[in-house]
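Each chain is listed here by its residues.
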Amino acid sequence: MQAWLEALQAGEWWSARSTFVSLFGMSFAHPEVLILLLAIPLWLWWWWRREATQRTITFSRAGLLAKGPRPRIAWVRWLPWLRALALAALIVAVAQPRSGARAERVSSDGIDIALTVDISSSMLAEDFQPQNRMEVAKDKVKRFVMGRKSDRVGLVAFSGEALTQVPLTTDYPVVLAAIDNLQVGQLEDGTAIGTAIATAANRLRNSPGRSRVMVLLTDGENNRGAIDPRTAAQAAGTFGIRIYTIGVGTDGMAAVPVGRGLFGLRYENRPVKIDEALLTEIANSTGGRYFRAKDAAALQSIYEQIDRLERSAVEARAYIRYTERFRWPLLIGLAALVFELVLRARRGILP
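Values in this document were obtained by computation on a predicted structure and should not be read as measured data. (Residues numbered from 1 in each chain as written. Predicted model: local features only at pLDDT ≥ 70, side-chain atom pairs only at ≥ 80, totals over all residues. Heavy atoms only, no water.)

Q: Is there a simple way to explain the environment of Met134 in this structure?
A: Checked against the element boundaries, Met134 lands in helix α6 (residues 133-146). With residues near it in sequence (within four places) discarded, Met134 still touches Val117, Asp118, Ile119, Met123, Leu182 and Val184. (Helix = DSSP H or I, 4+ residues; strand = E, 2+ residues; numbered from the N terminus. Contact = heavy atoms within 4.5 Å.)

Written out as structure tokens, the structure reads:
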């Protein structure tokens, strides 16, 4: 009741109406029909008033009254109540009572996000101890996905070529499994940033979301692919896609795998080369931002910043199946009506 009063005070008549008709765990598809219940007391008053005017009947011969059918007073008293019960039950049935939650509009945050992850061999560099760049990136990307609620997320992996691992979806367990399965060597080696942007933009350009976002993570310079990164970024911008770029790697030197030896991968210390100018230009041209992650904590912080930057309110309708409850009041109304007809037939009609 308190919720109903608060809704009325706030001027939210529709919300107050819905709250009121659900007070007893029951909602109605057509609650406005219940206003007809107010007419039943008026009908009872009219019936008793009419009966009072018909109680005095003039007969010319007393013998005629003795020979006629005699009303059974106990049964007669039930008639208006049976009619009132039948009318009330049928009105409730027409209002269509049902149990279960209503279909409600729920405001939530929803955007379309294409996570684009570099899986070139340089991602095995071990400057994010105790893990390499690849494992740290997978961990932070998974945390980012687990923070989604109503966003559609897709996954694109790239190195010398690009491939969509998961199209845009809200099936987050599938996305998480695909991230776990990312491995260096799945695609031809190299860093084709332009191809990666084009592949992810192709997934986003026809998406229905109000906000389209690409998060591109790489640790190198563009050295493969036939598509120029700047041209790809400009094309993505025309579709309203914002690109957030992340450069992964420490400053200076890092242990990078250069081949295999007798005891596994063979590493050499090589300079970290990230084309920050290119990544900054790509981000700025689409309304995004460039971030530099020099360690695992910085990468985690970057994904949290992107999460805060990309919030777009959308309205979704949640549908929940109802259990219809109109049959019982319908049966009660029909039973009361039949019982009234039986009583009227048995008591006879006064002349």
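Q: Can you help me understand the pattern of salt bridges in this one?
A: Oppositely charged side chains may form a pair once their charged atoms are brought near each other. Scanning all chains against the criterion turns up 14 salt bridges. Asp127 is paired through a salt bridge with Arg133; the nearest N and O atoms lie 2.9 Å apart. Of the residues examined, Arg133 reaches a relative accessible area of 3% and is grouped as buried. One salt bridge connects Asp219 with Arg133, and the closest N-O pair in it is separated by 2.7 Å. Here Asp219 is found in the loop between β7 (212-218) and α9 (229-238), whereas its partner Arg133 is found in helix α6, with 86 residues between them in sequence. For the pair Asp219 and Arg133, a shared accessibility class is recorded, and that class is buried. A single network of salt bridges, built from pairs that share partners, joins Asp251, Glu276, Arg292 and Lys294. (Salt bridge = Lys/Arg side-chain N within 4 Å of Asp/Glu carboxyl O. Buried < 20%, exposed > 50% of the residue type's maximum accessible area, 1.4 Å probe, protein only.)

Q: Honestly, the pairing of strand β8 (residues 241-248) in this entry has me stumped. Any pointers?
A: It is a general feature of regular strands that their side chains alternate between the two faces of the sheet. Among the eight residues of β8, seven are classified as buried, and the element is accordingly described as predominantly covered. The pairing of β7 with β8 spans seven bridges and is parallel. Residue Arg212 lies in a different strand from β8, and its bridge partner there is Ile241. Note on the crossover from β7 through α9 to β8: the handedness is right-handed. Bridge count for β8 against strand β11 (residues 290-293) is four bridges, and the pairing is parallel. (Pairing = 2+ DSSP bridges. Right-handed = clockwise from strand over helix to strand, strands pointing away.)

Q: Just checking my understanding: could you explain the sheet that holds β7 for this structure?
A: Adjacent strands of a sheet form backbone hydrogen bonds with each other and so pair up, either parallel or antiparallel. The strand order across the open sheet formed by six strands is β6-β5-β4-β7-β8-β11, and the pairing between neighbours is mixed. Lying at the two open borders of the sheet, with one neighbouring strand each, are β6 (162-169) and β11. Adjacent strand axes in the sheet meet at a mean angle of 15 degrees, parallel and antiparallel pairs treated alike. Here helix α7 (residues 172-180) sits on the sheet and contacts β5 (152-158) and β6; the angle it forms with β6, its principal contact strand, is near 160 degrees. (Axes fitted to C-alpha atoms, helices over the stretch in contact; angles between N-to-C directions.)

Q: I tried to follow the nonpolar core on my own but got confused; where do I start?
A: When a protein is soluble and globular, its nonpolar side chains tend to lie buried together. Counting 36 residues, the largest nonpolar core has Leu115 and Ile246 as the members making the most contacts within it. Where this core is concerned, the elements lending two or more residues are β4 (112-118), α6, β5, α7, β7, β8, β11 and α11 (296-309). Of the residues forming this core, the biggest block, six residues, is contributed by α6. Ignoring anything within four residues of it in the chain, the contact list for Leu115 reads Val141, Phe144, Val145, Val153, Gly154, Leu155, Val156 and Val215. Among the nonpolar cores identified, the runner-up in size contains 26 residues, and Val156, Met214, Ala236 and Tyr290 belong to it. (Core = buried A, V, L, I, M, F, W, Y, C linked by side-chain atoms within 4.5 Å.)

Q: Teacher, can you tell me more about the side chain of Asn132 here?
A: In this structure, Asn132 sits in the loop between β4 and α6. For Asn132, a relative accessible area of 15% translates into the label buried. One polar contact links the side chain of Asn132 to the main-chain amide nitrogen of Met134, over a distance of 3.1 Å. Looking at Asn132, its side chain comes within polar contact range of the main-chain nitrogen of Glu135, at 2.9 Å. Sequence-distant contacts of Asn132, defined by excluding residues within four places in its chain, comprise Met123, Leu124, Ala125 and Glu126. (Polar contact = N/O pair within 3.5 Å; in protein donor to acceptor, adjacent residues only side chain to side chain.)

Q: Is there a simple way to explain the sheet that holds strand β1 (residues 27-28) in this structure?
A: Strand order in this open sheet of three strands is β1-β2-β13, and the pairing throughout is antiparallel. Looking at the sheet topology across the chains shown, the edges are occupied by β1 and β13 (323-324). Direction of pairing for strand β2 (residues 97-99) relative to β13: antiparallel, over a ladder of two bridges. Each residue of the ladder has a partner; that of Ser99, found in β13, is Thr323.

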